[in-house]
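# Secondary and tertiary structure notes
Listed below are the residues making up each chain.
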2 protein chains.
Amino acid sequence: MRYSANHKLETREKLLDSSSTSAKKSGFSTVGVDGLMKAIGLSGGAFYSHFSSKDELFAAVVERELRQSLERLGVDQDRDKLQRCLKHYLSMSHVEHPETGCALPALGAEIARSDPMVRQQAEHWICELQESWAQVLESDSLAWAILSQCIGALVVARMLATAELQQKVLKSSYDEISRQIAGS
Amino acid sequence: MRYSANHKLETREKLLDSSSTSAKKSGFSTVGVDGLMKAIGLSGGAFYSHFSSKDELFAAVVERELRQSLERLGVDQDRDKLQRCLKHYLSMSHVEHPETGCALPALGAEIARSDPMVRQQAEHWICELQESWAQVLESDSLAWAILSQCIGALVVARMLATAELQQKVLKSSYDEISRQIAGS
DNA sequence: GTCTATACTACGATAGAC
DNA sequence: GTCTATCGTAGTATAGAC
């Protein structure tokens, strides 16, 4: 073969990286296959050596992103680490940089509209994350509630036009979550 | 004029209704002008007698939807009404029918990516809603936190593949919010 | 105001050369 | 594996008839 097996893997990784970034920034449906490939210096036609359709790429992006979210946010028996994760998650830098942030607030609606196989994947990783939080919090219910609140806070903050209000949303959620954790 | 002034208003309303519905169901960017017009029995070309661009329609949809959300969810000095609103918001029927539900979970990401004028509009109505809740709850912070949590719970639930988990997410958020309200 | 027709661009996807 | 070229469709938007 004219290209090493490693080259294909590397190209695939570059494509996944670049696609995830642009999807979180601009939405997956609004970016074309041509644009995705051009972003990594390749032509549009080369796309189909890696994925048989754009939908298949979306599934791979979601899987990869949510696995990464679990790595970043998952905790084990460490309440302080959870607090630090929350602080980082509910930060202005996260609000202002969806392209490097968590896929759940950025792609949530698109995942919700995608086919059952993708949603099954999403469910798997979301549950893993919830379970890790539930173990630390010693409450299933609280873990789901806090997970929802974090994602919601980012969605809300990103809709707002003024930075001060965005900060208010983030701080409010962080404060109320802290209260919930303390009183649990 | 061959068409009454009222006819234009009625057509515009039908278009807004239909567009809101399909945007909340399938995303605004994924629906074409042609499809939107065909849905109300008109041709694509007729669109531009009502809006000068698709973006202008999006601004109108957002304004209309968020005003409606405030009407539905806004409260005044009535803690019980807020509880009932939350119960309804955090219901399976809301999860399963984005097309008739709140625009914030369904279009949040798209609003976040839209131009500052749209986000300014969104901010206005979101703040109105938050303020009405804050008055009842006697806490600005709690109002923002609960608002975020409600929207997040819907985003999360809609991503999940199995109904039992969706119910768990809804119930968890409702229960934890109830606790927060009771203890405030 | 709505229609048909059209211009122009972009989309997802495929075929064949290298 | 990547390229160029291309097919077929669909996108936004405009022009002119009614």
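For the structure, check the block above.
Residues numbered from 1 in each chain as written. Chains lettered and ligands numbered in written order. Predicted model: local features only at pLDDT ≥ 70, side-chain atom pairs only at ≥ 80, totals over all residues. Heavy atoms only, no water.

## Quick notes on the side chain of Ser173 of chain B
What counts, and what does not: A run of DSSP states H or I qualifies as a helix once it reaches four residues; a run of E qualifies as a strand once it reaches two. Both are numbered from the N-terminal end. Relative accessibility thresholds used throughout: buried, under 20% of the residue-type maximum; exposed, over 50%; partly exposed, between the two (1.4 Å probe, protein chains only). Throughout, a residue-residue contact means that at least one pair of heavy atoms, one from each residue, lies within 4.5 Å.
Of note, Ser173 of chain B is situated in helix α9 (residues 163–182). Overall, Ser173 of chain B belongs to the buried group, its relative accessible area being 0%. Sequence-distant contacts of Ser173 of chain B, defined by excluding residues within four places in its chain, comprise Ala145 and Ser148 of chain A together with Leu90, Gln149 and Ala153 of chain B.

## What to know about the relation of the copies chain B and chain A
Test applied: The superposition of copies rests on a least-squares fit of C-alpha positions from residues with pLDDT of 70 or more in both.
Of the transformation placing chain B onto chain A, the axial shift is 0.0 Å and the rotation is 180°, giving an RMSD of 0.0 Å. Here the symmetry operator amounts to a two-fold rotation axis. A shared binding surface is used by both copies, with 100% of the interface residues of chain B retained as interface residues in chain A.

## Structural notes on the protein's contact with DNA strand D
The test is simple: If even one non-hydrogen atom of a residue comes within 4 Å of a molecule or strand, that residue is called near it. Identification of polar contacts relies on pairs of N or O atoms within 3.5 Å, with a donor-acceptor requirement for protein atoms, meaning one able to donate a hydrogen and the other able to accept it, and with residues adjacent in sequence counted only if both atoms are side-chain atoms.
Surveying the vicinity of DNA strand D reveals 20 residues, the closest of which are Ser43, Ser49 and His50 of chain A together with Val33 and Lys54 of chain B. Sugar and phosphate atoms constitute 68% of the interface atoms of DNA strand D, taking the interface as everything within 4 Å of the protein. Note that a phosphate oxygen of DNA strand D is positioned 3.0 Å from one of the side-chain N or O atoms of His7 of chain A. Here His50 of chain A contributes a side-chain N or O atom positioned 2.5 Å from a phosphate oxygen of DNA strand D.

## Quick look at the protein's contact with DNA strand C
Note the cut-off: Throughout, the ten residues Ala, Val, Leu, Ile, Met, Phe, Trp, Tyr, Cys and Pro are labelled nonpolar, Asp, Glu, Lys and Arg are labelled charged, and all others, Gly among them, are labelled polar.
Near DNA strand C, the surroundings consist of 20 residues, among which Val33 of chain A together with Lys8, Ser43, Ser49 and His50 of chain B are the closest. The sugar-phosphate share of atoms of DNA strand C within 4 Å of the protein amounts to 68%. At 2.8 Å from a phosphate oxygen of DNA strand C is found a side-chain nitrogen or oxygen belonging to Lys54 of chain A. Taking Thr11 of chain B, its side chain carries an N or O atom lying 3.1 Å from a phosphate oxygen of DNA strand C. The element contributing the most residues to the surface near DNA strand C is helix α1 (residues 5–26) of chain B, with three residues. Taken together, the residues of the surface near DNA strand C break down into six nonpolar, ten polar and four charged.

## As for helix α9 (residues 163–182) of chain A
The line we're drawing: One less than the number of residues in a helix, times 1.5 Å, gives the span that helix is expected to have.
Here α9 of chain A spans 28 Å end to end across 20 residues, near enough to the 28 Å set by a 1.5 Å rise per residue. Listing the buried residues of α9 of chain A in full gives Leu165, Gln166, Val169, Leu170, Ser172, Ser173, Tyr174, Glu176, Ile177, Ser178, Gln180 and Ile181 of chain A.

## Quick look at the interface of chain B and chain A
How large an interface is tends to be reported as the accessible area lost when its parts come together. The test is simple: Simply put, the buried area is the total loss of 1.4 Å probe accessible area from both parts when two parts are fitted together. Counted as salt bridges are all cases of a side-chain nitrogen of Lys or Arg within 4 Å of a carboxyl oxygen of Asp or Glu.
Listed per partner, the contact involves 49 residues of chain B and 49 residues of chain A. Counting the surface lost from both chain B and chain A, the interface buries some 3700 Å², and carbon and sulfur atoms represent 61% of this. If you sort the residues of chain B by the area they bury against chain A, Arg113, Trp144 and Met159 of chain B come out on top, with a joint share of 19%. Scanning the region where chain B abuts chain A turns up zero salt bridges. If you look at where chain B meets chain A, you find 14 residue pairs in polar contact (both at pLDDT 80 or more). Among the elements of the structure, α1, α6 (103–112), α7 (116–137), α8 (140–159) and α9 of chain B are those that each provide at least two residues to the side of chain B that touches chain A.

## Remarks on the packing of helix α4 (residues 79–89) of chain A against α9 of chain A
All names here are of chain A. Selection criterion: Axis lines are fitted to C-alpha atoms, over the contacting stretch for helices. Their N-to-C directions set the angle, which ranges from 0 to 180 degrees. Our angle categories are set so that under 35 degrees counts as roughly parallel, over 145 as roughly antiparallel, 65 to 115 as roughly perpendicular, and the remainder as oblique. Crossings are sorted by hand: turned counterclockwise from the far helix by less than a right angle, the near helix makes the crossing left-handed, and turned clockwise it makes it right-handed.
One way to put it is that α4 packs onto α9 with a least axis distance of 11 Å and a crossing angle of 165°. Classed by the angle they form, the pair α4 and α9 counts as roughly antiparallel. α9 is crossed by α4, and the crossing has right-handed handedness. Within the contact between the two elements, α4 uses Arg79, Leu82, Gln83, Leu86 and Lys87 and α9 uses Tyr174, Ile177, Ser178 and Ile181.

## Considerations on the nonpolar core
Spelled out, the test is: Here, nonpolar core refers to any group of buried Ala, Val, Leu, Ile, Met, Phe, Trp, Tyr and Cys residues whose side-chain atoms link them within 4.5 Å.
If you look at the biggest cluster of nonpolar residues, it comprises 126 residues, and the most contacted ones within it are Trp133 of chain A together with Trp133 of chain B. Once residues lying within four places of it in the same chain are set aside, the contact partners of Trp133 of chain B are Leu73, Val75, Leu82, Leu86, Ala143, Ile146, Leu147 and Cys150 of chain B.

## Some points on α6 of chain B
Along α6 of chain B, ten of the ten residues are buried, which leaves the element largely enclosed by surrounding structure. Taken together, the buried positions of α6 of chain B are Ala103, Leu104, Pro105, Ala106, Leu107, Gly108, Ala109, Glu110, Ile111 and Ala112 of chain B.

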